[in-house]
Amino acid sequence: DFFAKKYLREVNKADFMANMKDIRATVKNDRAILRAIHYFNESDRAVAETKALENGDFEEFCKLNRESGQSSYMYLQNVYASSQPKMQAVSLTIALCDEILGDKGAYRVHGGGFAGTVQAFVPNDMVNEFKTKIESVIGAGMCHILSIRPVGGYRLV
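The structure displayed is predicted, hence computed values, not measured ones.

Regarding the overall build of the protein chain
Move 1: The secondary structure content of the protein chain amounts to 6 helices and 2 strands.
Move 2: Tracing the protein chain from N to C terminus, the helices and strands come up as α-α-α-α-α-β-β-α.
Move 3: For the protein chain, the C-alpha atoms occupy an extent of roughly 50 × 40 × 40 Å along the three principal directions.
Move 4: By the burial criterion, 31% of the 157 residues in the protein chain qualify as buried.
Move 5: For the protein chain, restricting intrachain contacts to residue pairs at least 6 apart in sequence, the fraction spanning at least 24 positions comes to 47%.
Move 6: Working note: accessible area of the protein chain is about 10,900 Å², and carbon and sulfur atoms make up 54% of it.

Details of the nonpolar core
Move 1: One finds Ile-94, Ile-100, Leu-101, Val-122, Phe-130 and Ile-134 to be the most contacted residues of the largest nonpolar core, which totals 15 residues.
Move 2: Elements that contribute at least two residues to this core include exactly helix H5 (89–101), strand S1 (106–110) and helix H6 (127–138).
Move 3: If one sorts the elements of this core by residue count, H5 sits on top with 6 residues.
Move 4: Filtering out sequence-adjacent residues up to four positions away, Leu-101 remains in contact with Ala-106, Tyr-107, Phe-121, Val-122, Pro-123, Met-126 and Phe-130.
Move 5: Membership of the second largest hydrophobic core comes to 7 residues, among which are Val-11, Phe-16, Ile-23 and Ile-33.

Calculation rules
Residues numbered from 1 in each chain as written. Predicted model: local features only at pLDDT ≥ 70, side-chain atom pairs only at ≥ 80, totals over all residues. Heavy atoms only, no water. Helix = DSSP H or I, 4+ residues; strand = E, 2+ residues; numbered from the N terminus. Buried < 20%, exposed > 50% of the residue type's maximum accessible area, 1.4 Å probe, protein only. Contact = heavy atoms within 4.5 Å. Areas by Shrake-Rupley, 256 points an atom, 1.4 Å probe, with all protein chains shown as cover. Core = buried A, V, L, I, M, F, W, Y, C linked by side-chain atoms within 4.5 Å.

From the geometry alone we can't say anything about function, so treat these as descriptive.
In structure tokens form, the structure reads like this:
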């Protein structure tokens, strides 16, 4: 509303950043501003992630994916409900991923946010260790190993 636009995607990021003090005074909602910053950066990052995959640069994809996850946590704030601060299973799982993987692979909240999951890209030589360590804290059967096919989706009839 501040920019007389229906959607945030219609607002220029530079204009948003230049007017943040006035936006903050008008909106009176720092969380909304943080979430808008996530939106602007994530939109650019998604394009960069796609290019990294198209170029076969999985390391760059992982770096961008980690940045995306950090932004989700810090700016989008979709990893736990503020009304239930003691219940932070997704946050805890992300912390475990960080401890186990360090700068290898990538990890981030994925899906429904508060009730979502953590998506982790784990190097093949760490899969068993990763699963064991995650499940030792989160619970047996809570870590599912998926393989990504090198082709797109198919419709089954």
